[in-house]
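Chain by chain, the residues:
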Amino acid sequence: QAIAVDYHADQLEDLVDCGLLLADEKALLEGSMTKRNTILLWVGATIRQLSSTGRIPPGVHSRCLEILRELRGSGDTLAKELTRVAPISFAQLMQLMVDMMMILT
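All values reported here derive from a predicted model rather than from experimental measurement.

Caption draft 1: The overall build of the protein chain, seen in detail. Summing up its helical and strand segments, the protein chain has five helices and zero strands in all. Helices and strands in the protein chain line up, N terminus first, as α-α-α-α-α. Here the protein chain, with 105 residues, has 12% of them falling under the buried criterion. Relative to all contacts within the protein chain whose residues are 6 or more apart in sequence, the contacts with residues 24 or more apart total 27%. For the protein chain, the accessible area works out to roughly 8,800 Å², and carbon and sulfur atoms hold 63% of it.

So, in C-alpha cells, the structure goes:
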C-alpha cells in the first residue's frame, strides 16, 4: 500500500542501480516481513562493528544507538499515524450532519 500517489514502496531496484543497496541485500529485504526493522538491525550492527573496531569512540557509539532508538520510535509513530482511522464518534457525527442536511433540503 503506497503512502501517497507519487510514492511507491517498491523502489529497491532504484537503490541497487545507484549503489546504495547490494543485490543480495535487496533479496534479503524482499524476503523480510518488516523491511524497516531489518534496516534498523543492519544499521545497529554496523554501529556496533564500528565501535568494536575502534573507528568510533564509545561516547559516539552510545549516542548513535540512542538516535537509532529515537528513529525507530519515530518510524513506529509515523506508521501508526498513516494507518489511523477516524474514531467511530466522528463517523457518527458526519452521518448526523448529512442526515440533517437531507432533512433541511
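Caption draft 2: Region of the structure containing the pattern of salt bridges. Within the structure shown, the criterion is met by five salt bridges. With a shortest N-O distance of 3.0 Å, Asp-76 and Arg-36 are connected by a salt bridge. Taken together, the positions of Asp-76 in helix H4 (residues 58-82) and Arg-36 in helix H3 (residues 35-52) put the pair 40 residues apart, joining distant regions of the chain. Its relative accessible area of 26% is what places Asp-76 among the partly exposed residues. The partner of Glu-66 in a salt bridge is Arg-63, and the shortest N-O contact between them spans 3.0 Å. Residue Glu-66 and its partner Arg-63 are located together in helix H4, separated by three residues, close to a single helical turn. Classification of Glu-66 by relative accessible area gives partly exposed; the value is 34%. Looking at Arg-63, the relative accessible area reads 40%, which means it is partly exposed.

Caption draft 3: Representation of a nonpolar patch on the surface within the structure. A surface patch of nonpolar side chains, about 840 Å² in accessible area, is lined by Phe-90, Leu-93, Met-94, Leu-96, Met-97, Met-100, Ile-103 and Leu-104. Relative to the helices and strands, Leu-104 resides in helix H5 (residues 88-104).

Caption draft 4: Broad picture of the side chain of Thr-38. Position of Thr-38 among the secondary structure elements: in helix H3. Beyond its immediate chain neighbours, meaning those up to four positions away, Thr-38 contacts Leu-29 and Ser-32.

Caption draft 5: Structural context of H3. With 18 residues, H3 extends 26 Å between its outermost C-alpha atoms, agreeing within 8% with the 26 Å of an ideal straight helix rising 1.5 Å per residue. Thr-38, Leu-40, Gly-44 and Ile-47 are the residues of H3 that are buried. For H3, the elements touching its buried residues are helix H2 (23-31) and H4. Positive phi appears at Gly-54, one or two residues downstream of H3, with a value of about 85°.

Caption draft 6: Expanded view of the environment of Ser-52. If you trace the backbone, Ser-52 turns up in helix H3. Of the polar contacts made by the side chain of Ser-52, one reaches the backbone oxygen of Gln-49; its length is 3.0 Å.

What counts and what doesn't
- Numbering of residues starts from 1 in every chain and runs along the sequence as written.
- Whole-chain, interface and lining totals are the exception, using all residues; otherwise, since this is a predicted model, local features are given only for residues with pLDDT of at least 70 and side-chain atom pairs are given and counted only at 80 or more.
- Hydrogens and water molecules were not included; the side-chain quantities draw on all heavy atoms of the structure.
- The secondary structure listing takes helices from DSSP runs of H or I that are at least 4 residues long and strands from runs of E that are at least 2 residues long, numbered from the N terminus.
- Type-normalised accessible area, obtained with a 1.4 Å probe on protein chains alone, sets the label of each residue: buried when under 20%, exposed when over 50%, and partly exposed for intermediate values.
- Contacts between residues were defined by any pair of non-hydrogen atoms, one from each residue, lying within 4.5 Å.
- With residues, only the protein chains shown are counted as cover, and all accessible areas are computed by Shrake-Rupley using a 1.4 Å probe.
- The term salt bridge refers to a side-chain nitrogen of Lys or Arg lying within 4 Å of a carboxyl oxygen of Asp or Glu.
- Each patch is built from residues that are more than 30% exposed by relative accessible area and take part in no salt bridge. Like charges join if they lie within 9 Å; nonpolar side chains (Val, Leu, Ile, Met, Phe, Trp, Tyr) join within 5 Å.
- A helix is expected to span 1.5 Å multiplied by its residue count minus one.
- Under the rule applied, a polar contact is a pair of N or O atoms within 3.5 Å (in protein, one hydrogen donor and one hydrogen acceptor; residues adjacent in sequence only if both atoms are side-chain atoms).

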